[in-house]
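Listed here are the chains, written in short residue letters.
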Amino acid sequence: MELPIKFCDEMKRILGKEYNAYLASMEEERKFGLRVNTAKISSEEFEKIAPFPIKKIPYIENGYYYDSEVQPAKHPYYFAGLYYLQDPSAMTPASRLPVERGDIVLDLCAAPGGKATELAARLRGTGLLIANDISGKRARALLKNIELFGVENSFIVTEYPQKLAKHFTGFFDKILIDAPCSGEGMFRRNPSMIKAWEQNGPEFYAKLQREIIEQALPMLKPGGMLLYSTCTFSPLENEGTVEKILESDADMELVEMEGYEGFENGRPELIKSDRKELLRCVRIFPHKLGGEGHFLALFHKKGGETEESRCVSRSGKGLWGEEKRLFEAFCANLNRQFEPERLECKNGMLYYMPPLLPKVNGLRFLRSGLFMGEMKKNRFEPSQSLAMALKKEDYRNCLRLSVSDDRVIRYLKGETLFLTEAENGLANGWLLVCVEDYPLGWGKKTAGVLKNKYHSGWRWQ
């Protein structure tokens, strides 16, 4: 790998005697990781059913290494949303933001969803997750991952931070900003980043990061927490940006985060700063840990929460008439309740609205809450996202397929399935198709045949 001379000179300054160890790590094979979706399965349960060898990532509670020859994205458990494929060091930001049930959380630069899905899993269906990305194309990838993970309480938006700030001043308990950066920590994983670095280096991104943070800070409640992270080594983008935050807002203070022996402290001397609190930042280097490069800083906003900051409106209009009748007919097989006042039908599309979302008029968004399905003539057709949000026990009419059953792959490819004599005892109509105990999607049974209703855009290729 040919690294830019200017970059190498800066890394020598940062690492000193460790520079050669860093260079040697760049010639090694990168580490591959997956993060278990604890909203669907515990880490302990996944270890028991893991279909390939995995090894615990010591600094990520639900993270695991896997071998490079393994193809986890070609296994039914991936399609069931049981895990997300992610670089080990990239798992740290969401793991170090202390999200609690009931929190209102913003992931400001969320696509493709690696961090947003973990934040959602920690919320456990409570509170609200707003996940934003200014790129509509990237936001669509984010939406798919949110749906795959079975997230119900999200708002997927594609806006610039300054516009979000007009709607959400003092609104969030927690904010994650995994900022656009020069990507120096990703050179081994993605060598094409080197060319991008040469075109737009740290100076370009440091300016962009400071603009983003300046617009994001007013959205954080007093008493709230913000985690800033990058996947670069640049002091200008890391300690330099953190110092600008501290200088621009006296209410922001750096706090300690959960550490690990391979983590390094922030380096105030790299930016000629006398702020000792910059030592509370965390640097991750590939020659120190099994992962790529990352930087993290956790902030607390001084002050306490006010009653006004917690005053948010409920969303949803409820169902009436024919729409209500059709949905209730489908619900005959449901074993879980959906709050009626949170249901809302728009142009025949039924949504389960987030309970803490205020008015969002004027914002560009892809999804508000959980897309439940579509009202058709004389029937309600459940959606793929509803299937992923359910547990097997939530629906009475389930087709449970063993992970070794070749019909699982055929189902994921969109093929019609033929049922066994025992399975033919299931009631005709909508079936929730599961691999073992984990939903994959819908099918519609007639006699001994299951018509495939798996989402065409998600099919096994």
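In the block above lies the structure referred to throughout.
Predicted, not measured: the structure shown is a model, and the values here were computed from it.

(A) Region of interest: the overall build of the protein. Per the secondary structure count, the protein includes 14 helices and 23 strands. For the protein, whose C-alpha radius of gyration is 24 Å, the value lies close to the compact-globule estimate of 23 Å for 461 residues. Structurally, the protein occupies a C-alpha span of about 75 × 55 × 35 Å along its principal axes. Here the protein, with 461 residues, has 57% of them falling under the buried criterion.

(B) Molecular detail of the sheet that holds strand S14 (residues 343-346). In space, the four strands of this open sheet follow the order S14-S15-S17-S18, with antiparallel pairing throughout. At either end of the open sheet lies a strand with only one pairing partner, and these are S14 and strand S18 (379-382). For this sheet, the mean angle separating the axes of adjacent strands, direction not counted, is 30 degrees.

(C) Region of interest: the pattern of salt bridges. Counting across every chain of the model gives 30 salt bridges. A salt bridge links Glu 264 to Lys 288; the shortest N-O distance between them is 3.3 Å. Here Glu 264, found in strand S11 (residues 264-265), pairs with Lys 288, found in the loop between strand S12 (282-284) and strand S13 (294-301); they are 24 residues apart in sequence, far enough to count as distant. Within the structure, one salt-bridge network assembled from shared partners comprises Glu 18, Glu 264 and Lys 288.

(D) Expanded view of unusual backbone geometry. Geometrically, the link from Ala 111 to Pro 112 is a cis peptide bond, its omega value of 5 degrees lying close to zero. Take Pro 112: it is sitting in the loop between strand S5 (104-107) and helix H6 (114-123). Here Asn 347, not a glycine, exhibits a phi torsion of approximately 55 degrees, which is positive. When you line up the elements, Asn 347 lands in the loop between S14 and strand S15 (349-352). Here Asn 378, not a glycine, exhibits a phi torsion of approximately 65 degrees, which is positive. Following the sequence through the fold, Asn 378 ends up in the loop between strand S17 (370-376) and S18. Residue classification places Asn 378 among the exposed residues on the basis of a relative accessible area of 58%.

(E) A look at the sheet that holds strand S2 (residues 54-56). If you trace the four strands from one edge of the open sheet to the other, you get S2-S3-S1-S4, paired in antiparallel fashion. Every interior strand has two partners, whereas the edge strands, S2 and strand S4 (83-85), have only one. When strand polarity is set aside, the average angle formed by the axes of neighbouring strands in this sheet is 35 degrees. Across the face of the sheet, H6 comes into contact with strand S1 (32-36) and S4 while running at roughly 30 degrees to S1.

(F) Here's a closer look at the nonpolar core. In terms of nonpolar packing, the biggest core is built from 37 residues, with Ile 130, Ile 177, Met 219, Val 242 and Phe 299 touching the most fellow members. Aside from chain neighbours lying at most four places away, what touches Phe 299 is Gly 224, Met 225, Leu 226, Tyr 228, Val 242, Ile 245, Leu 246, Met 252, Glu 253 and Leu 254. In terms of nonpolar packing, the next biggest core, distinct from the first, is built from 35 residues, Val 99, Ala 120, Leu 227 and Val 255 among them.

(G) Layout of helix H10 (residues 202-216). Taking 1.5 Å per residue as the helical rise, H10 with its 15 residues ought to reach 21 Å, and the 21 Å between its terminal C-alpha atoms agrees with that figure. In this structure, the buried residues of H10 make contact with helix H8 (161-167), strand S8 (172-178), helix H9 (193-199), strand S9 (220-230) and helix H11 (239-248).

(H) Spotlight on the side chain of Thr 241. Structurally, Thr 241 is set in helix H11. A relative accessible area of 0% places Thr 241 in the buried class.

(I) Spatial organisation of the packing of aromatic side chains. Applying the stated criterion to the full structure yields 33 aromatic pairs. Judged by centre distance (5.0 Å) and plane angle (90 degrees), the rings of Phe 204 and Tyr 205 are edge-to-face. The exposure class of Phe 204 is partly exposed, given its relative accessible area of 44%. Each member of the aromatic cluster is reached from another via a ring pair, and the members are Phe 32, Phe 46, Phe 52, Tyr 64, Tyr 66, Tyr 78, Phe 79, Tyr 83 and Trp 460. The side chain of Arg 336 reaches across the aromatic face of Phe 338, ending 4.0 Å from its centre. Sitting over the face of the ring of Tyr 352, Arg 342 holds its NZ or CZ atom 4.0 Å from the ring centroid.

The rules behind the values
Position numbers for residues count from 1 along each chain, tracking the sequence in the order it is written. In keeping with the predicted nature of the model, local features appear solely for residues at pLDDT of at least 70, side-chain atom pairs appear and are counted solely at 80 or more, and the whole-chain, interface and lining totals rest on all residues. Excluding hydrogens and water, the side-chain values take into account all heavy atoms of the structure. Numbering of helices and strands runs from the N terminus, with a helix taken as a DSSP run of H or I at least four residues long and a strand as a DSSP run of E at least two residues long. We take the radius of gyration over the C-alpha atoms and set the globule estimate at 2.2 Å times the residue count to the 0.38 power. The buried label goes to any residue with under 20% of its type's maximum accessible area, the exposed label to any with over 50%, and the partly exposed label to all in between, with areas taken from a 1.4 Å probe on protein chains only. In short, DSSP must find at least two bridges between two strands for them to pair. Between the N-to-C directions of two axes lies an angle of 0 to 180 degrees, each axis being a line fitted to C-alpha atoms and, for a helix, fitted only over the stretch in contact. The rule for a salt bridge is simple: a side-chain nitrogen of Lys or Arg has to be within 4 Å of a carboxyl oxygen of Asp or Glu. It only takes one pair of heavy atoms within 4.5 Å for two residues to be counted as in contact. In this description, a nonpolar core means a group of buried Ala, Val, Leu, Ile, Met, Phe, Trp, Tyr and Cys residues linked to one another through side-chain atoms lying within 4.5 Å. The length a helix should cover is 1.5 Å for every residue beyond the first. Planes of paired rings set the category: under 30 degrees apart is stacked, over 60 is edge-to-face and the rest tilted, where pairs are Phe, Tyr or Trp rings (Trp by its six-membered ring) whose centres lie within 6.5 Å. A ring is scored as having a charge over it whenever the NZ atom of a lysine or the CZ atom of an arginine sits within 6 Å of its centre and within 35 degrees of its normal.

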